[in-house]
Amino acid sequence: MSIIERSTNSDTPLTLDRLAVGYSARIDHVELNGDRGLHLMEMGLTPGTTVAVARMAPFGDPIEVRLRGYRLSLRLAEAQHVVIQGMSEEGAQR
Amino acid sequence: MSTVHSPPATQNRVRRVALIGNPNSGKTSIFNRLTGLHHKVANYAGVTVERLEGVMTSEPNIRLLDLPGCYSLTPRSIDQRIARDALLGWADDVQRPDLLVVVVDASNLERNLFLATQVVQLNLPTVVVCNMMDVVRTRGHRIDLARLEAKLGVPVIGTTAATGEGIDRLRDAIASTDTRAASACAWCADDAKSPQLAAVRELVRTHGLIDDKAVDLVSTLLLVPAVLDESGPACAHLPPAFASALAELHRANESSDEVSAIGQAVHARYRWLGECVAEVFTRSATDVITVSDRIDRVATHKVLGPVCFGAVMLVMLLAIFSWATPLMDGIDWLVGALGAAASTLLGAGILTDLIVDGVIAGVGNVVVFFPQICILFLFIALLEDSGYMARVAFVMDGLMSKVGLHGKSFIPLLSSFACAVPAILATRTIENRRDRFATMMVAPLMSCSARLPIYIILISALFGRDLWLKTGIMVGMYILGTITALCVALVLKKTLFKGPTPTFVLEMPPYRRPRLGAALRNTWDRAKLFLTQAGSVILAMSVVLWALAYFPQAPKTADAPPGEQLRQSYMGRVGRTLEPIIEPLGFDWKIGVGLASSFAAREVFVATMGVVYGVEEEADEESLTLREQIATATWPDGRKVFTPLVGVSLMVFYALACQCMSTLAVVRRETGSWGWPVFMFTYMTALAYAASFVVYQGGKLLGWG
Ligand SMILES: Nc1nc2c(ncn2[C@@H]2O[C@H](COP(=O)(O)OP(=O)(O)OP(=O)(O)O)[C@@H](O)[C@H]2O)c(=O)[nH]1
Ligand SMILES: [Mg+2]
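Residues numbered from 1 in each chain as written. Chains lettered and ligands numbered in written order. Predicted model: local features only at pLDDT ≥ 70, side-chain atom pairs only at ≥ 80, totals over all residues. Heavy atoms only, no water.

### Observations concerning the sheet that holds strand E5 (residues 126-131) of chain B
Residues and elements named next belong to chain B. If you walk across this open sheet you meet the six strands as E2-E3-E1-E4-E5-E7, and the pairing is mixed. If you trace the sheet from one side to the other, it starts and ends with strand E2 (52-55) and strand E7 (156-158), each paired once. Neighbour-to-neighbour, the strand axes of the sheet open up by a mean angle of 25 degrees, direction not taken into account. Of the strands in this sheet, strand E1 (15-21), strand E4 (99-105) and E5 are in contact with helix H3 (residues 109-121), which crosses E4 at around 170 degrees. (Pairing = 2+ DSSP bridges. Helix = DSSP H or I, 4+ residues; strand = E, 2+ residues; numbered from the N terminus. Axes fitted to C-alpha atoms, helices over the stretch in contact; angles between N-to-C directions. Contact = heavy atoms within 4.5 Å.)

### Some points on the nonpolar core
Residue and element names in this part refer to chain B. Ranked by internal contacts, the top residues of the largest apolar core, which has 136 residues, are Ile 320, Val 442, Met 474, Ile 591, Ile 630, Phe 642 and Leu 650. Dropping the residues within four chain positions of it, Ile 630 is found in contact with Ile 457, Leu 458, Ala 461, Leu 462, Tyr 613 and Phe 642. Among the nonpolar cores identified, the runner-up in size contains 88 residues, and Ala 91, Cys 130, Val 136 and Val 280 belong to it. (Core = buried A, V, L, I, M, F, W, Y, C linked by side-chain atoms within 4.5 Å. Buried < 20%, exposed > 50% of the residue type's maximum accessible area, 1.4 Å probe, protein only.)

### Comments concerning the coordination of the magnesium ion (ligand 2)
All names here are of chain B. At 2.0 Å from the magnesium ion (ligand 2) lie its protein donor atoms, namely Thr 28 (OG1) and Thr 48 (OG1). Of this pair, Thr 28 sits in helix H1 (residues 27-35) while Thr 48 sits in the loop between H1 and E2; the two residues are 20 residues apart in sequence, bridging distant segments of the chain. The same class applies to Thr 28 as to Thr 48, namely buried. (Donors = N, O, S within 2.8 Å, 3.2 Å for Na, K, Ca; no water.)

### Considering the interface of chain A and chain B
Quite often, the size of an interface is put as the accessible area lost when its parts meet. Listed by partner, the interface residues are 34 residues for chain A and 51 residues for chain B. Together chain A and chain B conceal approximately 3600 Å² of surface at their shared face, both sides included; 57% is due to carbon and sulfur atoms. It is Glu42(A), Arg71(A) and Arg75(A) that lose the most area in chain A upon contact with chain B, and together they represent 21% of the buried surface on that side. Joining chain A to chain B, the criterion identifies eight salt bridges. We note a salt bridge from Arg75(A) to Asp397(B), for which the minimum N-O separation is 2.7 Å. Run the count over chain A and chain B and you get 13 residue pairs in polar contact (both at pLDDT 80 or more). Elements with a contribution of two residues or more to the side of chain A that touches chain B: helix H1 (35-42), strand E2 (50-56), strand E3 (63-67) and strand E4 (70-74) of chain A. A total of seven residues in the side of chain A that touches chain B trace back to one element, the largest contributor, which is H1(A). Considering only residue class, the side of chain A that touches chain B consists of 15 nonpolar, seven polar and twelve charged. As defined by bridge partners, E4(A) adjoins strand E9 (residues 505-507) of chain B across three bridges and the pair is classed as antiparallel. Counted as the bridge partner of Ser73(A) is Leu506(B) from E9(B). (Buried area = accessible area lost by both parts, 1.4 Å probe. Salt bridge = Lys/Arg side-chain N within 4 Å of Asp/Glu carboxyl O. Polar contact = N/O pair within 3.5 Å; in protein donor to acceptor, adjacent residues only side chain to side chain. Nonpolar A, V, L, I, M, F, W, Y, C, P; charged D, E, K, R; others polar.)

### A word on the sheet that holds strand E5 (residues 82-88) of chain A
The strand order across the open sheet formed by six strands is E5(A)-E1(A)-E2(A)-E3(A)-E4(A)-E9(B), and the pairing between neighbours is antiparallel. Only two strands of the sheet have a single partner each, and these edge strands are E5 of chain A together with E9 of chain B. Averaged over neighbouring strand pairs, the angle between their axes works out to 35 degrees when direction is ignored. Bridge count between E2(A) and E3(A): four bridges; the pairing is antiparallel. Among the inter-strand pairings, Val53(A) is bridged to a residue of E3(A), identified as Val65(A).

### Description of helix H16 (residues 370-386) of chain B
Residues and elements named next belong to chain B. If you check H16, its first and last C-alpha atoms are 24 Å apart, about what 17 residues at 1.5 Å a residue would give, namely 24 Å. Extensive coverage of H16 is indicated by the burial of 15 of its 17 residues. Looking one or two residues past H16, Gly 387 carries a phi angle of roughly 105 degrees, positive in sign. (Expected span 1.5 Å × (residues − 1).)

### Some remarks on the environment of Thr523(B)
All names here are of chain B. Along the chain, Thr 523 turns up in helix H23 (residues 516-550). Owing to a relative accessible area of 5%, Thr 523 belongs among the buried residues under this scheme. Along the primary structure Thr 523 and Ile 373 are separated by 150 residues, whereas in three dimensions their C-alpha atoms are 9.0 Å apart. Discounting chain neighbours no more than four positions away, the residues touching Thr 523 are Cys 374, Phe 377, Leu 378 and Ala 381.

### Topic: a nonpolar patch on the surface
Residues and elements named next belong to chain B. On the surface, Leu 345, Leu 346, Ile 350, Leu 351, Val 544, Leu 548, Phe 551 and Tyr 570 cluster together into a nonpolar patch covering about 770 Å² of accessible area. When contributions to the nonpolar patch are tallied by element, the ones reaching two or more residues are helix H14 (324-346), helix H15 (350-367) and H23. When you line up the elements, Phe 551 lands in the loop between H23 and helix H24 (564-568). (Patch = residues over 30% accessible without salt bridge, like charges linked within 9 Å, V, L, I, M, F, W, Y side chains within 5 Å. Areas by Shrake-Rupley, 256 points an atom, 1.4 Å probe, with all protein chains shown as cover.)

### A word on the domain arrangement of chain B
Residue and element names in this part refer to chain B. The domains assigned to chain B are domain 1 (15-176), domain 2 (195-273), domain 3 (304-515) and domain 4 (531-701). A separation of 33 Å is found between the C-alpha centroids of domain 1 and domain 3. Of all residues in domain 1, Asn 43, Tyr 44 and Val 49 bury the most surface against domain 3, accounting for 37% of the area lost on that side. At the junction of domain 1 with domain 3, the criterion picks out two salt bridges. The salt bridge partner of Lys 40 is Glu 384, with a shortest N-O separation of 2.8 Å. (Domains from an automatic or database assignment.)

### As for the environment of Met571(B)
All names here are of chain B. Inspection of the secondary structure assignment puts Met 571 in helix H25 (residues 570-582). Sequence separation between Met 571 and Gly 274 is 297 residues; the distance between their C-alpha atoms is 73 Å. When near neighbours in sequence (up to four residues on either side) are disregarded, Met 571 contacts Leu 545, Leu 548, Ala 549, Trp 589, Val 593 and Val 612.

### Considering the confidence of the model for chain A
Averaged over all residues, the pLDDT of chain A is 82; the fraction at 70 or higher stands at 83%. Confidence drops under pLDDT 50 across residues 1-8 of chain A; counting only partners more than four residues distant or on other chains, this segment forms 18 contacts. (pLDDT = per-residue confidence, 0-100.)

### With respect to the site of ligand 1
All names here are of chain B. Taken together, 27 residues lie near ligand 1, and Lys 27, Thr 28, Ser 29, Val 47 and Thr 48 sit nearest. Thr 28 is positioned such that a nitrogen or oxygen atom in its side chain is 2.7 Å from an oxygen atom of ligand 1. Within the complex, the protein chains bury 96% of what would otherwise be the 650 Å² of accessible surface of ligand 1. Only H1 and helix H4 (133-138) provide two or more residues apiece to the shell around ligand 1. By residue number, the principal contributor to the shell around ligand 1 is H1, which donates three residues. Of the residues assigned to the shell around ligand 1, the class counts are ten nonpolar, twelve polar and five charged. A domain-level breakdown of the shell around ligand 1 finds at least three residues from each of domain 1 (15-176) and domain 3 (304-515). (Near = heavy atom within 4 Å.)

### Let's talk about the packing of aromatic side chains
Residue and element names in this part refer to chain B. A complete count under the given rule lists 16 aromatic pairs over all chains for this structure. The rings of Phe 437, Phe 497, Trp 676, Phe 679 and Tyr 683 are connected pair by pair, giving a single aromatic cluster. Across from the ring centre of Phe 377, 5.6 Å away, lies the NZ or CZ of Arg 526, which sits over that ring. (Phe/Tyr/Trp six-rings, centres within 6.5 Å; stacked < 30°, edge-to-face > 60°. Lys NZ or Arg CZ within 6 Å of the ring centre and 35° of its normal.)

See below:
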């Protein structure tokens, strides 16, 4: 299984909505258009934070992520604003 | 202004202490411990949606204020705004607190401290409470509270609200008057800097919104777009002059630099917190896969998740039918015996008739449903306390997004199975006004506990003794209500509340073992309301209805047909005028009177039927239970009134009609206008009539009449 769910153009940045279940990555930055991004940042999704995708809801949306020792569910539309880098498999266990 | 050197005289003054913290961190649990009150505690974010006030036990001068939870001082929903305004003293009806107690979930320290550091920065005397220390210990983590205290600059106390550990120390800390504000905050250095911020700071200062030391923080918060959105929840309640000046400033100088400056500030705070938590918190190495994970593998599974939810609901309804039956029969028998005893004791006469056919038949027949209602409440309380509600929101979000709402709306809808009034209050946690109103408008379509007596009496009178058939019909009624609610929400979101799909960001709490004691307590508090209602509104209605059915007295002649008294009574006359309206639904005038009398509260229907059949019954007849009376009632031409089709038609009417004064009143309060309750009442009644009509006429066409 590939880390990234959908194949992507290499020059578009990778975002959290495309990270597969069981994988983790580091947040590069959150796109701040209006309040959505700020809201996510206040919930702890700040640059440098490790997030792991724990599971997906039955209809594929929303997803549940783990970060800073707690769990948060958010829709793909929100996760799209979170740009990530440095994917790995092991971080998801924590 | 600082209370470091507060004179001793202040010791006798009333001190206001506010509890603030992230949702689900245990604020209300601590509040209950400190005050001896029993406000609702449950394991999901957004349980408390209004200010709760109480006095600390043994310290009558200390007033405690429990607030809704919030993640930051930037409110994004009504409940969070209530918390912020109470904290900053911006609400008209509360003074700014003298002491802030920040409740932090110690097992989720990093994110919880985000708000805590903001609150400390407000520069009021503050105490930080690290709650859920038991969870920290069982997971094997270690936390250095002394070090945290040094870092934050305010007292830090570890507690376990669940067991009461540390509460006494917290009590002492609150009572001692030398609580201080933090002298300096290390994390403030990087706060946002921009020209706009300088302007807002000036504005905050000239309007005297907050004391000098907190001006920087408050100004930064006021720059967040959610606050600037005038239609959003965050803006209301700011002093009008200030709000308009702020909006003016924003219009004159719109730029996205502000947002990124605020983003920088958030990032800086978390960076500081990351380092701080690394120093004070030692994460256990064995904390790998928790029990919650294992449960969630099933509870949020693609197939098993929805199946689980269905199974939970089914078990609840089965329990209501099977467990409560013996109790219900007991109460039924008691009511009958009471009536018989009253008759023999008092002898024949008008007083006896009033007591037996009015009070006992009316109130008694409603009280019979007490066990069922308790079981329903208990089930919902246990579900709410387990942590399952957030999972239901997660699983249902996909479905809800098709309707244009989000999974969070499902939590109020689920609590609506108990009662629509708290559910409508719970919509305060929904960020967006349109979604909030849409949820509010459909919440009363979910079958609430007041419909239970009607469903049960009709189902058990008309559909035999097969438990599965009875439960199946009941499930059908619940599904009907839910599906109608979703369809109406869809229509509303496409018309009146058109707007973009809302954002959905929801914390998933760990599962906790529901506390049976607390759930029983919660059940009792709610069930008590049911009994009070039976003893007041229903009692009064029963007496009035009895009088309407009893007077005028028909001349006693030997050849009068049975039921003549009722037919020619005031009630009968009114009922028969109503009959043409409801005949197409399959109802006779007695049901019509029941419908009309239950517009204020649904349970009255059962009371009315009790009174109607009580008055009608010939004195020498063997006394029948209400169920038997319903099963045997006939039209004048001898046809049965209550065929199964009529029963279904009637239940459909009750499932969809808005017959609850309290619901309408709370909608009026929450929306601030009479328009919405009127709209709600009209559309629901029209829907109920139409659906009932289709069921009855359709059923007759198919030959089921
Ligand atoms: N294990 C454990 N559970 C606790 C403790 N304190 C509270 N809880 C549980 O945590 C959950 C949330 O408690 P509440 O008191 O409702 O939290 P709150 O902060 O008032 O929540 P909101 O009103 O939603 O903001 C409940 O299930 C409590 O039983 C504790 O010290 N230990
Ligand atoms: Mg609470």
